[in-house]
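Commentary on secondary and tertiary structure
Take a look at the letters that make up each chain.
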Amino acid sequence: MEKDLKRSVRRHHLDRLKAKRKSYWGFGRAGHRNRTEMDARRKGMVAQYPSVCSCYMCGNPRKWWKEVTLKEKLHKIVANEDVTLN
Ligand SMILES: [Zn+2]
């Protein structure tokens, strides 16, 4: 019988993302913020949602401009012209 590893895997990936994204949002050694280390609350936020905010410049264009995203535009071009990008 195998041990259920769901919780440990979830915790592993949460810790991994917190460590990886510690320099996001202007933090870190070369960051523009005065503080070099994120507090625990921000670490949780950046692990859950790495996007800085959801304003009209950073957010999804479908929400603000009723347009498709850049990825979807590229996908449409590749699908129509049958071109591989590699
Ligand atoms: Zn923004």
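What you see is a predicted model; the values in this text were computed from it and never measured.

Right, let's get into the overall build of the protein. On a plain count of helices and strands, the protein comes out with four helices and zero strands. In the protein, the succession of α and β elements from N to C terminus is α-α-α-α. Here the C-alpha atoms of the protein give a radius of gyration of 19 Å, more than 25% beyond the 12 Å that 2.2 N^0.38 yields for 86 residues. By principal-axis analysis of the C-alpha atoms, the protein measures approximately 50 × 45 × 25 Å. Of the contacts made within the protein by residues no fewer than 6 positions apart, 28% connect residues no fewer than 24 positions apart.

Right, let's get into the environment of Cys-55. Structurally, Cys-55 is set in the loop between helix H2 (40-48) and helix H3 (61-65). Taking C-alpha positions, Cys-55 is 17 Å from Gly-26, a pair spaced 29 residues apart along the chain.

It is worth spelling out the domain arrangement of the protein at this point. Along its sequence, the protein is carved into domain 1 (1-50) and domain 2 (51-86). If you average the C-alpha positions of domain 1 and of domain 2, the two centres end up 26 Å apart.

Looking now at helix H4 (residues 70-81). Under the 1.5 Å per step criterion, the end-to-end length of H4 is 17 Å for 12 residues, consistent within 8% with the ideal 16 Å. Counting buried positions along H4 yields zero of 12 residues, so the element is predominantly exposed.

All right, on to unusual backbone geometry then. Notably, Trp-25 is not glycine yet its phi reads approximately 60 degrees, a positive angle. Within the secondary structure layout, Trp-25 lies in the loop between helix H1 (6-20) and H2. Judged by the 18 C-beta atoms lying within 10 Å of it, Trp-25 falls in the partly exposed class. The backbone phi angle of Lys-66 is positive, close to 55 degrees, even though this residue is not glycine. Topologically, Lys-66 is positioned in the loop between H3 and H4.

Attention now goes to H1. For the α-helix, the turn length of 3.6 residues means that residues three or four positions removed from each other point alike. The terminal C-alpha atoms of H1 lie 21 Å apart, and with 15 residues this matches the ideal 21 Å at 1.5 Å per residue to within 8%. With respect to burial, H1 is a largely exposed element, only zero of its 15 residues being buried.

Time to look at the environment of Arg-42. Mapped onto the elements, Arg-42 comes out in helix H2. According to the C-beta neighbour criterion, Arg-42 is partly exposed, with 17 such atoms within 10 Å. Measuring from C-alpha to C-alpha, the distance between Arg-42 and Lys-18 comes to 9.3 Å, with 24 residues separating the pair along the chain.

Note that Glu-37 resides in the loop between H1 and H2. Given 11 C-beta atoms within a 10 Å radius, Glu-37 is considered exposed. Taking the C-alpha atoms as reference, Glu-37 lies 13 Å from Lys-20; in sequence the two are 17 residues apart.

Quick notes on the rules
Residues numbered from 1 in each chain as written. Predicted model: local features only at pLDDT ≥ 70, side-chain atom pairs only at ≥ 80, totals over all residues. Helix = DSSP H or I, 4+ residues; strand = E, 2+ residues; numbered from the N terminus. Rg over C-alpha atoms; globule rule 2.2 N^0.38 Å. Contact = placed C-beta atoms within 7 Å. Domains from an automatic or database assignment. Expected span 1.5 Å × (residues − 1). Buried ≥ 20, exposed ≤ 12 C-beta atoms within 10 Å, placed from the backbone.

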